[in-house]
Every structure is written in C-alpha cells, then in structure tokens.
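So the chains spell out like this:
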Amino acid sequence: MSKHYNWAILGCGNIAGKFAADLALLPNARLYAAASRSIEKATMFASTHRFEKAYGSYEEMVSDPAVDVVYIATPHSQHRDHALLCLGHRKAVLCEKAFAINSREVGEMLATARANDCFLMEAFWTRFQPSFMKALEIIRSGELGALKMMRSDFAFKGEYKPEKRLFNVQLGGGSLLDIGIYPIFMSLMAFGIPSEIQTMASFCPTGAEETILMSFRYPGGQMASLASSVASFSPTQAEFWFENGFMRLNRQFNAPTSITMAYKKEAERTITFDKGLGSGYELEAAHVMACLDAGKIESELMPLSISSDLMEILDMVRDDAGIRFPGHDV
Ligand SMILES: NC(=O)c1ccc[n+]([C@@H]2O[C@H](COP(=O)([O-])OP(=O)(O)OC[C@H]3O[C@@H](n4cnc5c(N)ncnc54)[C@H](OP(=O)(O)O)[C@@H]3O)[C@@H](O)[C@H]2O)c1
C-alpha cells in the first residue's frame, strides 16, 4: 500500500482552488494545510476544500513538520523565493509554471533542491495528459516521417486590470510566461532548443507584453511558428507537420484533449481519450507521490533539465522582444 502524503497549498488564488479539487480525488493525498498571506483567506480556502489546517503566513506553514509536500501557486515572480523557503525546510515542492522569472532563478532553485536532497518539479500539467503523451509517442515513432515544422497558439482575452497578475510587470505579467509558455513547451519537446529566434511583440500601457509572435529555427533546419496573446481568443491548438502527414492536438492542446491526424492526403482520423477523474491536475499530483514513493528527488517525466531548457528559451524570447520585469532582468 502506498504511503499517504500531507499536502499544503502555498497561495490560495485561482489555480490553487482547481488543483485542490483534483487533489481531493487521490486516495493517498491528505489535504492537510492551506497557507495564505491572510488567515481569513486561508481559513476560507481550507473550509471550502476541506483542508485540516489554515495558516496565515507561508513561513508558519513550512515550519509545520507534518507537511510533506507543498504546491506553490503564487505569481511567477514569487516562485523562486517560495520554492527556496519550502526547500530550506526540506519540503518536497511542486511549483507552478512558469517555474520562475529567469534562468538565474531556476538555477538557484535547482541548486537548493539538490543541496537539500529534496524533490522539486515544475507543475507542467500538460506533460502528464494522455493526449500529450500520445502525441509525443507519434512524433518519436516516426510513423508520419520526419517532423519538419510546428505551429501553435494560445490566446484569450484577459480583462484589463493594471494591478492584476496578468498585466503587472512586477509579477511577471504578460502572455509569455502565463500562456506563451505552452506553445514553447510543445516546441521544446518536439525539437529542443532553437538556434535562431525572431519575435514581434505588442505591449499594454503597464508595459506588460500583450501579444507575441515567435519564429524559431533549429540546427536541423526545422522551424516553429508560435504565438500567444491576452488581447484576443485563438484556437489554442498545436499542429505538427511531418514529411508524410500531419497531427494536431486539438483545442485546448495544453489540457486533456483529442488528436487529429492524417497520413499524406488520406482522410483525417481523430483519437479521443477517456475523461479522467478530474480536470487533469490530479495526474501531476499523483506523479509527484509516485516519485516520492520511489524515493526520487526528481521526476523522469518532467526532469529539471526540461524546466531549465524551457526557461532558457523564455529568456531568449524576452531578450529578443524587449520584455522586461523590473528587478528580474534576463
Ligand atoms: N497549470 C495551470 O493550468 C495554471 C493555470 C493558471 C495559473 N497557473 C499558474 O499559477 C500561478 C498563480 O496563478 P493564479 O491565476 O492562481 O494567480 P492568482 O489567482 O493571482 O493567485 C496567486 C496567489 O498568490 C499569492 N501571492 C503571493 N504573493 C503575491 C503577490 N505579491 N501578489 C499577488 N499574489 C500573491 C496570493 O495568495 P494569498 O493571498 O493566499 O497569499 C494569490 O492569491 C501562476 O504562476 C500561473 O502561471 C497555472
């Protein structure tokens, strides 16, 4: 029988609620503590999601020896500090994407996890979706020939509120780290790190990037065309062009979805997947506990090298597009 793990949530915002609802579906996860900067908010979150304890500060929560694993759900700009806080108390950490603001911060997180012999993983939930796993299998199998090109987009119209996370440069706001990271993740998994990057971006009055177009070229000559925006809606798909056909992860490609593919000019066929237990966040949480059961400090499916490579590409894109976060420059 597998061990039970006491989970704590650090930051009781939007995604924390969705994650907690999925965590509750896992028999080996104990919903133990909710931590917020405000005790009222922590108490409300704990009561809504049936966590046993509520803490009015993150520091108090990490000082609780009963906490095994912490899910960090704060803005990107805070991930490095919060990960270091948890790892310093020898807690296993599952930290939301974007993993941090830049490669320097990611490097500090990796070094601290290794120095403390502690589990650390980026909460890149797409990596664990059966649809994504199947897409990767198709790419790697070569059944459609060599992959030459990919195209992916992620956009939604965010309500413009200058102080909100999405538009606040102090918090790493803009489309890139929030949703542009998904098309970039797809390109990384398909092709690796690009040798050439060209971007074009537009900005909102706060200075946060609003829309970005990205063209990548790889050493083998393959290319990727990627885009994200918080100013409009897009199909939110990922297309892969092979020598002998195409494959598309359908809308919303980053979440549980279906795959449409065709060999050469033959008719399309669509592969569907059973709906999981929850919204899809339970898969990454279950994976964390399987890693802990096996005594691992790093996931083989979502290793820290992927998080480092992803941030390296984000830094390259930011540099080319002139995206600045005060105090966190590339
Ligand atoms: N995997 C996914 O599908 C997914 C979806 C959405 C977001 N995310 C990621 O999750 C993270 C949080 O996003 P969210 O949409 O949940 O944000 P959110 O609703 O704004 O919540 C963030 C929480 O962080 C805490 N916080 C700590 N320091 C803060 C500060 N200086 N300013 C503002 N809040 C601060 C707050 O919690 P307390 O007040 O309780 O301390 C706040 O409620 C982001 O990194 C985002 O990329 C992932």
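Located above this text is the structure these notes cover.
K.L.:
Which residues make up unusual backbone geometry, and what are the values?
P.N.:
With an omega dihedral of -15 degrees, the bond running from Lys 97 to Ala 98 counts as a cis peptide bond. For Ala 98, the location among the structural elements is in the loop between strand E5 (92-96) and helix H5 (103-115). In the segment running from Arg 251 into Gln 252, the intervening peptide bond is cis, with an omega of -25 degrees. Along the chain, Gln 252 turns up in the loop between strand E12 (245-249) and strand E13 (259-263). Of note in this structure, Arg 50 is not a glycine but carries a positive phi near 60 degrees. Tracing the sequence through the fold places Arg 50 in the loop between helix H2 (39-49) and strand E3 (53-55). Positive phi is not limited to glycine here, since Arg 90 has a value of about 60 degrees.

K.L.:
Explain the side chain of Thr 74 residue by residue, including any values.
P.N.:
By the secondary structure assignment, Thr 74 is in the loop between strand E4 (69-72) and helix H4 (76-88). Here His 82 takes part through its side chain, which lies 3.0 Å from a polar atom of the side chain of Thr 74. Ignoring sequence-local partners within four residues, the contact set of Thr 74 consists of Leu 10, Gly 11, Tyr 58, His 79 and His 82.

K.L.:
A description of the site of the ligand should follow, citing residues and the corresponding values.
P.N.:
Surveying the vicinity of the ligand reveals 23 residues, the closest of which are Ser 36, Lys 41, Tyr 58, Lys 97 and Tyr 281. At a separation of 2.7 Å, an oxygen atom of the ligand approaches a polar backbone atom of Lys 97. Here the ligand loses 83% of its free accessible area of 890 Å² to cover by the protein chains. Mapped by element, the contributors of at least two residues to the shell around the ligand are helix H1 (14-23), H4 and helix H7 (175-191). Per-element accounting of the shell around the ligand gives the leading share, three residues, to H4. When grouped by side-chain class, the residues that make up the shell around the ligand number nine nonpolar, eight polar and six charged. Structurally, the shell around the ligand is a two-domain feature, drawing no fewer than three residues from each of domain 1 (5-126) and domain 2 (130-278).

Rules of the game
- Residues numbered from 1 in each chain as written.
- Predicted model: local features only at pLDDT ≥ 70, side-chain atom pairs only at ≥ 80, totals over all residues.
- Heavy atoms only, no water.
- Helix = DSSP H or I, 4+ residues; strand = E, 2+ residues; numbered from the N terminus.
- Polar contact = N/O pair within 3.5 Å; in protein donor to acceptor, adjacent residues only side chain to side chain.
- Contact = heavy atoms within 4.5 Å.
- Near = heavy atom within 4 Å.
- Areas by Shrake-Rupley, 256 points an atom, 1.4 Å probe, with all protein chains shown as cover.
- Nonpolar A, V, L, I, M, F, W, Y, C, P; charged D, E, K, R; others polar.
- Domains from an automatic or database assignment.

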